[in-house]
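Here's the letter readout for the chains.
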Amino acid sequence: AASPSPRCRPFGVYGAPGVELTGLHKETATVTQLHFLAGQGWLLSLLDDNTLHLWEIYQKDGCSHLEETRSFGLPARPGCSPSITRVTVILPMALGAVACLGTEGGAVYFLTLPGLVLLEDKTLFQDEILQSVPDEYRCGKALGPVESIQEHPRDAGRLLIGYSRGLVALWDQSTRAVQHLFLGNQQLESLAWEHSGKSIVSSHSDGGYMVWAAGGGGQRTQQPVLSTIPYGPFPCKAINKILWRTCESGNPFIIFNGGMPRASYGDRHCVSVLQGQTLATLDFTSRVIDFFTVQNPEVPEGGFENPRALVVLVEEELVVIDLQTPGWPTIPAPYLAPLHSSAITCSYHISNVPLKLWERIVSAGEQQSPRLSSAAWPINGGKNLAQEPTQRGLLLTGHEDGTVRFWDASGVSLKPLYKLGTAGIFQTDCEHNDSLNQAGEEEWPPFRKVGCFDPYSDDPRLGIQKIALCKYTAKMVVAGTAGQVLVMELSDEKSEHAVSVATVDLLQDREGFTWKGHDRLAPRNGPLAFAPGFQPSVLVQCVPPAAVTAVTLHSEWNLVAFGTSHGFGLFDYHRRNPVLARCTLHPNDSLAMEGPLSRVKSLKKSLRQSFRRIRKSRVSGKKRLNPGSPSSKVGAERGRLLATPIPLPVQEANAQLAEQAGPPEVEMTPVQRRIEPRSADDSLSGVVRCLYFADTFLRDEGSSRCCCSSRTNSGSVFAYALEVPSQEKFSERAVEAVLGKEIQLMHRAPVVAIAVLDGRGNPLPEPYEVSRDLAKAPDMQGSHSMLISSEEQFKVFTLPKVSAKTKFKLTAHEGCRVRKVALVSLASAGPEERVENCLACLTNLGDIHIFTVPSLRPQVHYGCIRKEDISGIASCVFTKHGQGFYLISPSEFERFSLSARNVTEPLCCLEVSRLQDTSCLRWVANHSPSDSDSE
């Protein structure tokens, strides 16, 4: 699935879990307002270029889809500024046939729906309102822009129109006359009706609101029944929106956002809920966009609205408050949860999660949030038609604040299941911040933090860099920015125990290196209390405390391998002692000792090396080319086109073809880009990119268990033979590691991934899969193959002789570099259920290439991610069944599928009852060059 253009403006429509529709504007302007036409399946959107767009929810193949049918722009008034007709307020009338548009100039326009035809005879200009305004109030001043339009709850023919200056007019459409004026003296922000229509409430820029009697005698009201500044008496910020909802239990709900004391809490983003003497100031960590209440759509006269829930949309998340449960708790959201509650630093996907593990994770998550409401999700429109997922998928995200979040990735939306925190294991400033929050609970206003978006991190060293999880033993490894590697195990009970600490020196006492980066995180001493869930048993601290760049876990052997920019280590977490530590630093790797925050000296060095490569490339190209020959001219021109010189054999072939015309069936050798070998002393050549465990042929005498690691910039692969005792003798014998093989790639390109294939060309099964009859045993009769993926090519070696078998030079053929690779299982959509194991590759251009294994034949390639989206490419993670996730923005994942069978997409249906047959509108919108003038 290719990403939409960054200039297009998408929006989403959400209902019951699984009901999701997406609209994509062709225009580049920002979406500022969205309005439903209740019950009719129409949607109005307003862009900041002052254009209105009508969207239709229509049925196709039994599912609902969203499509734009037509657009409209208000015509400019002759002799006036275009801003005069800029739309500020949209009100679709209850009957669904007309929409009211309030503008900057104070005029109110009326449009037919769904035709979007302007009813010019009904346009209401300020002049008609000013005729009824007393002279002492008018004072020669304009009324300002229209700030709010509200329809009378009992009489659809009357409109309440509020102007910025403070004037509120009750307008009768049938008689085109002002029935009542409310002469406010404060700048108006919003209006709301009381359900019976006997009162209105207005909010103002001074942080106060007023209640006006709408059923009194006379044509004008100068004084409100009630005027109050809830958070006064000191100057307060404006109340941007206010709602009044009646309640059968007695006092009504008055809900508003803003109004905070300007000097003390002017930077807070709050929504206040007031009922009688009960006040809750809901404190959000991002700006409030809008809010509304959920109640019965039709309330009889004399009845009560009895709101069930308050829905608040803030800039970074969607929060729903249960108004029927004492304490007004939060209702957990089944979708639109903030993935970036703390910045995402890594992600990890697990397919086919066993039911028992799934239930244990869900149970741990439920015990974490006892204050959440058990009420049903109140947004329940539409029907989900998608089948139940055939497998359970987990997406784990590591975050900057040291947390790991578990998401249900089985369906269309990501649902939060469980949150694991690691900050409590270390000595940080968290305790100080908690005490500050507790001290402020008794202060006024009565703030209550809601939502889970929290972009602030107590210590950047807590950031999670790598995650590994065994789904059969519920063991997990979490590695962080300061070289910390935590081995954890899932527990159903809370416990209190001390965490064992082990230190692994990756420098191996090498002289001449001094770490200039951050310090390690100091672990807490003594027993620590842990809630049900994943609990740490061992903390392995790498020295120097550089960020962990690779980690892998083999729970059947009780081993965890980890790597940094200095080397890699192997740790036995059962005996709790290190097995192996190797330094991978080059003598010139001084940059590796500076840490991630010191990069000043490296810039000059990087530029020098880049210019040296360019000069070397030019010199070698000149030596190969003879300016006098025709072939050299062809080669030189093509070399400029490809940005690198052409290899000599290709030039000679071109020269021969230029001198003599060959027969049509002669095949030309494909042109390959020349790849310059990388210097052995490149900076950060010791960074370990990947680690891999395998039970394969590493020695000639038979199969042996091995651990492979790679060095990033040097293109080296080390394979160690492991002597692992049987499970009965784990406590008696220690694991031993001996260097078995070492492979050096010719061009020293960074190694991205390593995999071992059995005699049939299938990937080796995961630990415990064969012993639990969850996978076929690998073929141990024929020779195995090792697939090494570098940034420039894929290469297959035979084992145990380590001889090159086949390769594919991706950079030479396609001009791109490998960023992510994975072995995926692609199932056919046909009845034969054919399954193929393939190699999926994501390049730096955002393309995905599919290759067969082990023959490495190219199959297809797709454009998936924009090449400018560097962070999206870096965040991509493949699943084992041909799907993938990547961050399309810091707050949302986009999902794609490479498999014809495993496709996850929203399938839903919305029932609508339109007032008229408008099925021809989509045909008109797609075939007519301009909007129709009549319905």
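Residues numbered from 1 in each chain as written. Predicted model: local features only at pLDDT ≥ 70, side-chain atom pairs only at ≥ 80, totals over all residues. Heavy atoms only, no water.

1. As for the nonpolar core
How we decide: As used here, the term nonpolar core means buried Ala, Val, Leu, Ile, Met, Phe, Trp, Tyr and Cys residues forming a set that is joined through side-chain atoms within 4.5 Å. Only protein chains enter the area calculation, which uses a 1.4 Å probe; residues under 20% of their type maximum are buried, those over 50% are exposed, and those in between are partly exposed. Only runs of H or I of at least four residues qualify as helices and only runs of E of at least two qualify as strands under DSSP, and these elements are numbered from the N terminus.
By size, the foremost hydrophobic cluster in this structure holds 34 residues, and its most contacted members are Ile 361, Leu 394, Leu 396, Phe 406, Leu 420, Met 476 and Phe 534. With four residues, helix H4 (residues 355-368) is the single largest residue contributor to this core. Counting residues in each nonpolar core, the second largest holds 24 residues, with Val 133, Leu 143, Val 146 and Leu 181 among its members.

2. Quick look at the pattern of salt bridges
As a reminder, the rule being used: What counts as a salt bridge is simple: a side-chain nitrogen of Lys or Arg found within 4 Å of a carboxyl oxygen of Asp or Glu.
Summed over the entire model, instances satisfying the criterion amount to 16 salt bridges. Among the salt bridges present, the one from Glu 305 reaches Arg 245, with a minimum N-O distance of 3.9 Å. Within this pair, whereas Glu 305 is found in the loop between strand E23 (288-294) and strand E24 (309-314), its partner Arg 245 is found in strand E19 (residues 239-247), the two being separated by 60 residues in sequence. With respect to burial, Glu 305 and Arg 245 carry one shared label: buried.

3. What about the sheet that holds strand E35 (residues 484-491)?
Test applied: Here, a strand pair is defined by DSSP locating no fewer than two bridges between the strands. Between the N-to-C directions of two axes lies an angle of 0 to 180 degrees, each axis being a line fitted to C-alpha atoms and, for a helix, fitted only over the stretch in contact.
Taken together, the five strands give an open sheet; going across it, the order is E33-E34-E35-E39-E37, and neighbouring strands pair in mixed fashion. The open sheet has two edge strands with one neighbour each: strand E33 (464-470) and strand E37 (500-505). Taking each pair of neighbouring strands and ignoring which way they run, the sheet shows an average axis angle of 20 degrees. Where E37 meets strand E39 (residues 533-543), six bridges bridge the pair, whose relative direction is parallel.

4. Looking at the sheet that holds strand E6 (residues 63-73)
Reading across from one edge, E3-E4-E5-E6 is the order of the four strands in this open sheet, with antiparallel pairing throughout. Both outer strands of the open sheet, strand E3 (31-37) and E6, are each paired with one neighbouring strand and no more. Between one strand axis and the next, the sheet turns by 25 degrees as a mean value, whatever way the strands run. Bridging between strand E4 (residues 42-47) and strand E5 (residues 51-60) involves five bridges; their strand directions are antiparallel. When the sheet's bridge partners are listed, Leu 46 is paired in E5 with Leu 52.

5. A few points about the packing of aromatic side chains
We count it as follows: A pair of Phe, Tyr and Trp rings is counted when the ring centres sit within 6.5 Å of each other, with Trp represented by its six-membered ring. The angle between the planes then sorts it: under 30 degrees is stacked, over 60 is edge-to-face, the rest tilted.
Inspection of the entire model under this criterion finds 21 aromatic pairs. A centroid spacing of 6.3 Å and a plane angle of 85 degrees characterise the contact between Tyr 109 and Phe 125, whose relative ring orientation is edge-to-face. Highlighted residues: Tyr 109 in strand E9 (residues 108-112) and Phe 125 in the loop between E9 and helix H1 (126-130), separated in sequence by 16 residues. Of the residues examined, Tyr 109 reaches a relative accessible area of 6% and is grouped as buried. Classification of Phe 125 by relative accessible area gives partly exposed; the value is 29%. Arranged with centres 5.5 Å apart and planes meeting at 15 degrees, the rings of Phe 406 and Phe 534 form a pair that is stacked. Placement of Phe 406 in strand E30 (residues 403-408) and of Phe 534 in strand E39 is noted, with a sequence separation of 128 residues between them.

6. Brief notes about the confidence of the model for the protein
Atom-level detail of predicted coordinates should not be read off regions where pLDDT is low. This is how it is decided: pLDDT is a per-residue confidence score from the predictor, ranging from 0 to 100. Residue contacts are counted whenever heavy atoms from the two residues lie within 4.5 Å of one another.
Counting all residues, the mean pLDDT for the protein is 84, and 83% of those residues have values of 70 or more. With pLDDT under 50 throughout, residues 1-6 is counted as low confidence; its partners more than four residues away or in other chains account for 16 contacts. Across residues 597-601, where pLDDT falls below 50, the model places three contacts with residues more than four positions away in sequence or in other chains.

7. Observations regarding unusual backbone geometry
Note: most peptide bonds trans; most residues except glycine with negative phi. Of the consecutive residues Val 543 and Pro 544, the connecting peptide bond is found in the cis state with omega at 0 degrees. Structurally, Pro 544 can be placed in the loop between E39 and strand E40 (550-554). The omega angle of the peptide bond from Leu 799 to Pro 800 is 10 degrees, so this bond is cis rather than trans. Within the secondary structure, Pro 800 sits in the loop between strand E50 (793-799) and strand E51 (803-809). Positive phi, normally seen in glycine, also occurs at Leu 116, with a value near 55 degrees. In this structure, Leu 116 sits in the loop between E9 and H1. Located in the positive-phi region is Leu 336, a residue other than glycine, with phi close to 60 degrees.

8. Regarding the pairing of strand E14 (residues 188-193)
For E14, a buried count of six out of six residues is recorded, marking the element as mostly surrounded by other parts of the structure. Inspection of the sheet shows E14 paired to strand E15 (residues 199-204) by five bridges, in the antiparallel sense. Bridge pairing links Trp 193 to Ile 200 in E15. The hairpin turn running from E14 into E15, its antiparallel successor, is five residues long, and Gly 197 in that turn takes a positive phi close to 80 degrees.

9. Topic: the state of the cysteines
Here a disulfide denotes one covalent bond, and it connects the sulfur atoms of two cysteines. Note the threshold: Note on disulfides: each one is a pair of cysteine sulfur atoms within 2.5 Å.
One pass over the structure, following the stated rule, counts zero disulfides. Of the cysteine sulfurs around Cys 816, a residue in no disulfide, the closest is that of Cys 841, at 6.7 Å.

10. Here we look at the side chain of Thr 428
Among the secondary structure elements, Thr 428 is positioned in the loop between strand E31 (415-421) and helix H5 (430-439). Thr 428 has contacts with Ala 423 and Leu 462, leaving out every residue within four places of it along the chain.

11. Concerning the side chain of His 784
Applied cut-off: Polar contact is the term for a pair of N or O atoms within 3.5 Å; when the atoms are in protein, one must be able to donate a hydrogen and the other to accept it, and sequence-neighboring residues count only if both atoms are side-chain atoms.
Within the element layout of this structure, His 784 appears in strand E49 (residues 784-790). Judged by its relative accessible area of 0%, His 784 falls in the buried class. Here Asp 779 takes part through its backbone oxygen, which lies 2.9 Å from a polar atom of the side chain of His 784. With sequence-adjacent residues up to four places away left out, His 784 is seen in contact with Asp 695, Thr 696, Phe 697, Val 756, Leu 757, Asp 758, Gly 759, Leu 764, Asp 779, Phe 797, Thr 798 and Leu 799.

12. A short note on the environment of Lys 805
Looking at the secondary structure, you find Lys 805 in strand E51. A sequence separation of 20 residues divides Lys 805 from Ser 785, and the C-alpha atoms of the two residues are 8.5 Å apart. Once residues lying within four places of it in the same chain are set aside, the contact partners of Lys 805 are Ser 785, Val 796, Phe 797, Thr 798 and Pro 854.

13. What about H4?
To be explicit about the condition: The span one expects for a helix is its residue count, reduced by one, times 1.5 Å. This arc is taken over the directions from the axis of the helix to the C-beta atoms.
Spanning 14 residues, H4 covers 20 Å between terminal C-alpha atoms, matching the ideal 20 Å at 1.5 Å per step. All of the buried residues in H4 are Leu 357, Trp 358, Ile 361, Ala 364 and Gly 365. Each buried residue of H4 sits inside an arc of 130 degrees when the element is viewed along its axis, so together they form one side. Seen from the buried face of H4, the exposed residues on the opposite side, beyond 90 degrees, are Lys 356 and Glu 366. Contacts made by the buried residues of H4 are with strand E29 (394-399), E30, E31, E35 and E39.

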